[in-house]
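# Report on the structure
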Amino acid sequence: MAPVRTAARLDGIPPTIFSTMSALAVRTGAVNLGQGFPDVDGPPEVIAAAVAALESGANQYAPGIGIPALRNAIVRHQRRHYGIELDPDTEVVVTTGCTEGIAAALLGLVNPGDEVVVLEPYYDSYVAMLQMAGGVRRPVTLRAPDFRMDLDELRAAVTDRTRFVLLNTPHNPTGTVLTREELAAVAEVAVERDLVVITDEVYEHLTFTGYEHVPMATLPGMAERTLTLSSAGKSYSFTGWKVGWATGPAELVGALLSAKQWLTFTSGSPLQPAVAAALDEHPDFPAALAAELEGKRDLLCAGLEKVGLQGRPPAGTYFATSDITHLGWPDAMAFCLALPERAGVVAIPTQPFYDDPDAGRQLIRWAFCKQTSVIEEALSRLAGADLAYGDGQ
Ligand code: GLN
């Protein structure tokens, strides 16, 4: 047989760094502060609702658009938190996590050659899916140490071929939460240049004291041109359930659904009633989770500072970033690959999320969505390790 080659549409797309680093953590027994997943599950009552659904026959295909109970719960969620009104039959679709939402949105909307303005560092699936869709990414770079959006860079990124802005707030990996003013600037450009905004807001509830998440769809003139993606994974600590949703105008949701029907066709039946129960019956869980995460952010960032890895406290998400320039490594990838052996800890290099090779070369991301004892163990390992480049590296 002739050698099999991966299709050209995946050229240059490496295995996702999250799987690589989690596998490294398992292999070396390191404390995994890499891939962002909590080590405590969400509400037991919600798990019980999933078990009940499994046992009461919710085991065949759900409608592709999602079961009515969940779509209605999503409508109530958007109304309760943001005052957004949606039609559950045409303006909401359930997805297999936000990752499928991103894939289906891009495959359903982007034509080959369309330019898409994206915040860099990118969540890695954006790059892969844009390439598979034939879209062309036009980065707007969030630079250390403050990771703010440069509005001139945003305007300069838009050309006559630009059709979309792919936004992410609260932002993974930097922890930046875009302000109302920054969003208003994006909205102004979007309206002026007739762009659709696809916005990944999976960390919508995970913001910390002094910062507020503003959904793009709530800005004047934006509801009609914004496709919003979110999920239960982050808000309810069920990242493995892969239940997400897309909301927005019927044409945008419909385009996403046109692609989704050929990807997964439909999302997991027994988890949908459980997520509906989470949204309706545990509306305060995400805020309590955010308060708990804020304490963990502070613990991690204070500990990192003590070991010379100054973590800039993020405004939201699961993640803090450190600049390792002073340690002398050629790049963050080399540092992160060596860290399990050096210190017994895993972190994620932020480098692969940038096109600009310099902007992310020395940045690493830590996840603090872990039990306090786990964060403390990681910090004590880091404190006892020699982290400087050298010694045969
Ligand atoms: N969203 C998670 C993170 O950023 C990872 C999800 C994944 O592994 N695809 O760590």
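In the block above lies the structure referred to throughout.
So, here's what we can say about the structure. (Residues numbered from 1 in each chain as written. Predicted model: local features only at pLDDT ≥ 70, side-chain atom pairs only at ≥ 80, totals over all residues. Heavy atoms only, no water.)

What follows concerns the environment of Gln-371. Structurally, the position occupied by Gln-371 is in the loop between strand E13 (363–367) and helix H13 (372–383). Judged by relative accessible area, which is 36%, Gln-371 ranks as partly exposed. Here the alpha-carbon distance between Gln-371 and Gly-134, two residues 237 residues apart in the chain, equals 41 Å. Residues in contact with Gln-371, not counting those within four places in the same chain, are Asp-39, Val-40 and Lys-296. (Helix = DSSP H or I, 4+ residues; strand = E, 2+ residues; numbered from the N terminus. Buried < 20%, exposed > 50% of the residue type's maximum accessible area, 1.4 Å probe, protein only. Contact = heavy atoms within 4.5 Å.)

This paragraph deals with the packing of helix H1 (residues 17–28) against helix H12 (residues 332–343). H12 packs onto H1 with a crossing angle of 25° between their chain directions and a minimal axis gap of 9 Å. One finds that H1 runs roughly parallel with respect to H12. Contacts between H1 and H12 involve Ile-17, Met-21, Leu-24 and Thr-28 from the first element and Met-333, Cys-336, Leu-337 and Pro-340 from the second. Along the lines of polarity and charge, the residues of the contact of H1 with H12 split into seven nonpolar, one polar and no charged. (Axes fitted to C-alpha atoms, helices over the stretch in contact; angles between N-to-C directions. Parallel < 35°, antiparallel > 145°, perpendicular 65-115°, else oblique. Nonpolar A, V, L, I, M, F, W, Y, C, P; charged D, E, K, R; others polar.)

Bringing the packing of helix H3 (residues 68–82) against helix H10 (residues 271–281) into the picture now. At a minimum axis separation of 8 Å, H3 and H10 run at an interaxial angle of 25°. Classed by the angle they form, the pair H3 and H10 counts as roughly parallel. Seen from above, H3 lies across H10 with left-handed handedness. Two secondary-structure elements touch here, H3 through Ala-69, Leu-70, Ala-73, Ile-74, Arg-76, His-77 and Arg-80 and H10 through Gln-272, Val-275, Ala-276, Leu-279 and Asp-280. Tallied by class, residues from the contact of H3 with H10 come to seven nonpolar, two polar and three charged. (Left-handed = near helix turned anticlockwise from the far one by under 90°.)

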